[in-house]
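This is what each chain is made of:
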Amino acid sequence: MKFMKKFLAVSMTAAMAVSVSACGGETGGQDAEALVKTATETMASVTSMSSEMTMDFTMSLEDETMDMTSKAIMDTIYGENLKIKMDVSAETAGEPVQAYSMYMEQNGDTIDAYMDIGDGTWYQQSLTLEDISQYDAQANAEMYLQSMEDLKIDGTEELNGYSTSIVSGVFMRDAMASSGIESLTESMGLTEEDMETVLNSISDMPVKMWISEEGYIVKYEIDMTGMMQSLMDNMLAAAAQTTEEVPLVISKTMVTMTCNNFNAVEDFEIP
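Here the structure is a predicted model, which is why all the values come from computation and not from measurement. (Residues numbered from 1 in each chain as written. Predicted model: local features only at pLDDT ≥ 70, side-chain atom pairs only at ≥ 80, totals over all residues. Heavy atoms only, no water.)

Enquirer: Hey, could you run me through the nonpolar core in this one?
Expert: Counting 51 residues, the largest nonpolar core has Met104, Met228 and Phe262 as its most contacted members. The leading source of residues in this core is strand E1 (residues 48-61), at six residues. (Core = buried A, V, L, I, M, F, W, Y, C linked by side-chain atoms within 4.5 Å. Buried < 20%, exposed > 50% of the residue type's maximum accessible area, 1.4 Å probe, protein only. Helix = DSSP H or I, 4+ residues; strand = E, 2+ residues; numbered from the N terminus.)

So this is what it looks like as structure tokens:
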């Protein structure tokens, strides 16, 4: 059980690093290329927005299975100094296992971060812009535009008050090293060579995006199951947990992100 919980926690962290950044990663629409252009311009001009990410994760080891659902709710304000407030919660088997609040504010080239793990005390730490790059949707927009391929329109849907086009495609594995996951390799025990092996062994990740007529990314879904299985296989090998193959199977890593409240987030105070 301890082994399962350890790798479940690391898996969720790695998945979040790749997925959170994609709320600003535009893809295309009406005519896919035309809506890509509109989305690029629209999202680049967004001054603030709210987002909510839900991740459903299932992992099994021999006859033991663990399911976890994680949710992150964020408000982001752009401008000269980036500001983010975030509430994160997670549960497994219907029982809460983690909850914390976090504020982040840019201060020149660094980030002042404050976290409350539920005891009412705020803990401060200094981060770099690179540390939180996965949370900056606007900064990642161009990367995602260049990295999505095989785009096609899968219909339309009214969602959160917007008329959207549903665009499907794949997120290219070559772009994953720039998505934020690479910064986690040292803490996971993966060397640069290990990470290269991971990226070379995984397949492209299927993605769907709901894009409004105005170019807002209203919703996004990504299937990260194959990527996470490869990551765990290489983590186990690098950590040398056993001399035998560990039958750890990740059968589901699905991420859903919704974005709203565009240009309407009220300013907030940092604790």
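Enquirer: I keep staring at the confidence of the model for the protein and nothing clicks. Help me out?
Expert: Low pLDDT marks regions whose predicted coordinates should not be analysed in detail. Model confidence for the protein is summarised by a mean pLDDT of 76, while 68% of its residues fall at 70 or above. Here helix H1 (residues 2-19) is the element of the protein with the lowest mean pLDDT, 49, and strand E5 (residues 110-116) is the one with the highest, 93. In this model residues 1-10 is a low-confidence stretch, pLDDT under 50, and it forms 27 contacts with partners more than four residues away in sequence or in other chains. Considering only residues more than four positions removed or in separate chains, one finds that residues 17-29, a stretch of pLDDT under 50, has 73 contacts. (pLDDT = per-residue confidence, 0-100. Contact = heavy atoms within 4.5 Å.)

Enquirer: It is not clear to me how the sheet that holds E5 should be interpreted in this structure. Could you clarify?
Expert: Hydrogen bonds between backbone atoms are what pair the strands of a sheet, whose relative direction is either parallel or antiparallel. Read from one edge to the other, the open sheet built from eleven strands follows the order E6-E5-E4-E3-E2-E1-E11-E10-E9-E8-E7, with strand pairing classed as antiparallel. Sheet topology places strand E6 (122-128) and strand E7 (148-159) at the edges, where each strand pairs with a single neighbour. Neighbour-to-neighbour, the strand axes of this sheet turn through a mean angle of 15°, independent of strand direction. One ladder, built from eight bridges, connects strand E8 (residues 162-171) with strand E9 (residues 205-212); its direction is antiparallel. (Pairing = 2+ DSSP bridges. Axes fitted to C-alpha atoms, helices over the stretch in contact; angles between N-to-C directions.)

Enquirer: Can you help me understand the packing of aromatic side chains in this one?
Expert: Here the distance between the centres and the angle between the planes together describe a pair of aromatic rings. Within this structure, the stated rule accounts for five aromatic pairs. When the ring centre of Phe268 is taken as reference, the NZ or CZ atom of Lys83 above it lies at 4.8 Å. (Phe/Tyr/Trp six-rings, centres within 6.5 Å; stacked < 30°, edge-to-face > 60°. Lys NZ or Arg CZ within 6 Å of the ring centre and 35° of its normal.)

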